[in-house]
Amino acid sequence: KQEVTQIPAALSVPEGENLVLNCSFTDSAIYNLQWFRQDPGKGLTSLLLIQSSQREQTSGRLNASLDKSSGRSTLYIAASQPGDSATYLCAVKVGRGTYKYIFGTGTRLKVLA
Amino acid sequence: DAGVIQSPRHEVTEMGQEVTLRCKPISGHDYLFWYRQTMMRGLELLIYFNNNVPIDDSGMPEDRFSAKMPNASFSTLKIQPSEPRDSAVYFCASSSLAHFWTGSNTGELFFGEGSRLTVL
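What comes next is a walk through the structure. Only a predicted model underlies this, so the values are computations on that prediction, with no experimental measurement involved.

What follows is about the overall build of chain B. The helix and strand tally for chain B stands at zero helices and 11 strands. Compactness check: chain B gives a C-alpha radius of gyration of 14 Å against a globular reference of 14 Å for 120 residues, within 12% of the reference. Residues classed as buried in chain B amount to 49% of the 120 residues present. Expressed as a percentage of contacts within chain B between residues at least 6 apart in sequence, the contacts between residues at least 24 apart total 55%. A total accessible area of about 6,100 Å² is found for chain B, and carbon and sulfur atoms account for 52% of it.

If you want it as structure tokens, here you go:
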């Protein structure tokens, strides 16, 4: 059974710092991995999608990497800003005849001005 | 496209009442998912559809929950009778694998804003 873990559960950093959020999964047979952002009381906004054949994806100050063999993905945020404060979730889309997305519990990020 | 649209955004009801949540997926998406989010359990997949057909409902907590997708642009999640422990935010999401073979980004999941349910 696929399990997705995100560490740390919460993170507080000063503005301008570069930071890394971690996502681990137990079964490497994934179809893709997606990072989301969730603001309080809102839905999930897709940030980056990495297909199983890819190693990384970049969008602006965000870079996500994927290492299937080790069951890990990282989300790198450069030059963090107070507007980056939110909960970040990763989700893996499992393969093998099913199209479920399994979510981690998220990392709650606070960037201090 | 307007994205995934859910209604109502907020619902407050009394225990025992029927609750119906609605979802309009992104046009052209062939997968629709219903999730429930709580502080204790995070995001849980309840059920998903492919081309309007329920594929996996193993996450539906009990028979009080039912979901339908009568056509490609509409789905409902119904709780009857509702209980206080059903209080949560219910999300609908949609996705498409239609371009899998072209190699373009596929399987990206798009969420609605959610329906916050409170059962008193």
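Residues Leu33, Trp35, Leu75 and Ile77 of chain A are the most contacted members of the largest nonpolar core, which totals 23 residues. In this view, Leu33 of chain A contacts Cys23, Phe25, Leu48, Leu49, Ile50, Leu66, Ser73, Cys90, Ala91 and Val92 of chain A; residues no more than four positions away in its chain are not counted. In terms of nonpolar packing, the next biggest core, distinct from the first, is built from 21 residues, Val4, Val19, Ile26 and Phe49 of chain B among them.

Another aspect to go through is the sheet that holds strand β3 (residues 19-25) of chain A. Strands pair in a sheet through their backbones, by hydrogen bonds, and they do so in one of two ways: parallel or antiparallel. Residue and element names in this part refer to chain A. In space, the five strands of this open sheet follow the order β1-β3-β8-β7-β6, with antiparallel pairing throughout. A strand with exactly one partner marks an edge of an open sheet, and here the two such strands are β1 (4-7) and β6 (56-59). Each neighbouring strand pair of the sheet contributes to a mean axis angle of 15°, computed without reference to strand direction.

By the secondary structure assignment, His29 of chain B is in the loop between β3 (19-24) and β4 (31-38). Setting aside its immediate chain neighbours within four residues, His29 of chain B contacts Ser94, Ser95, Ser96 and Phe110 of chain B.

This part covers the sheet that holds strand β1 (residues 5-7) of chain B. Residues and elements named next belong to chain B. Read from one edge of the open sheet, four strands run β1-β3-β8-β7, paired in antiparallel fashion. In this open sheet, the two strands that pair with only one neighbour each are β1 and β7 (65-71). Strand-to-strand, the axes of this sheet are offset by a mean angle of 15°, without reference to chain direction.

A word on the packing of aromatic side chains. Under the counting rule described, the total for this entry stands at 11 aromatic pairs over all chains. For the ring pair Tyr35 of chain B and Phe111 of chain B, a centre distance of 5.6 Å and an interplane angle of 40° mean the geometry is tilted. Separated by 76 residues along the polypeptide, Tyr35 of chain B in strand β4 and Phe111 of chain B in strand β10 (residues 110-111) bring together distant segments of the chain. Classification of Tyr35 of chain B as buried rests on a relative accessible area of 0%. A relative accessible area of 9% means that Phe111 of chain B is categorised as buried. Aromatic ring contacts, followed pair by pair, group Phe36, Tyr101 and Phe103 of chain A together with Tyr31, Phe33, Tyr35, Tyr48, Phe91 and Phe111 of chain B into a single cluster. The ring of Tyr31 of chain A has Lys93 of chain A lying over it, and the distance from NZ or CZ to the ring centre is 3.8 Å.

Analysis parameters
Residues numbered from 1 in each chain as written. Chains lettered and ligands numbered in written order. Predicted model: local features only at pLDDT ≥ 70, side-chain atom pairs only at ≥ 80, totals over all residues. Heavy atoms only, no water. Helix = DSSP H or I, 4+ residues; strand = E, 2+ residues; numbered from the N terminus. Rg over C-alpha atoms; globule rule 2.2 N^0.38 Å. Buried < 20%, exposed > 50% of the residue type's maximum accessible area, 1.4 Å probe, protein only. Contact = heavy atoms within 4.5 Å. Areas by Shrake-Rupley, 256 points an atom, 1.4 Å probe, with all protein chains shown as cover. Core = buried A, V, L, I, M, F, W, Y, C linked by side-chain atoms within 4.5 Å. Pairing = 2+ DSSP bridges. Axes fitted to C-alpha atoms, helices over the stretch in contact; angles between N-to-C directions. Phe/Tyr/Trp six-rings, centres within 6.5 Å; stacked < 30°, edge-to-face > 60°. Lys NZ or Arg CZ within 6 Å of the ring centre and 35° of its normal.

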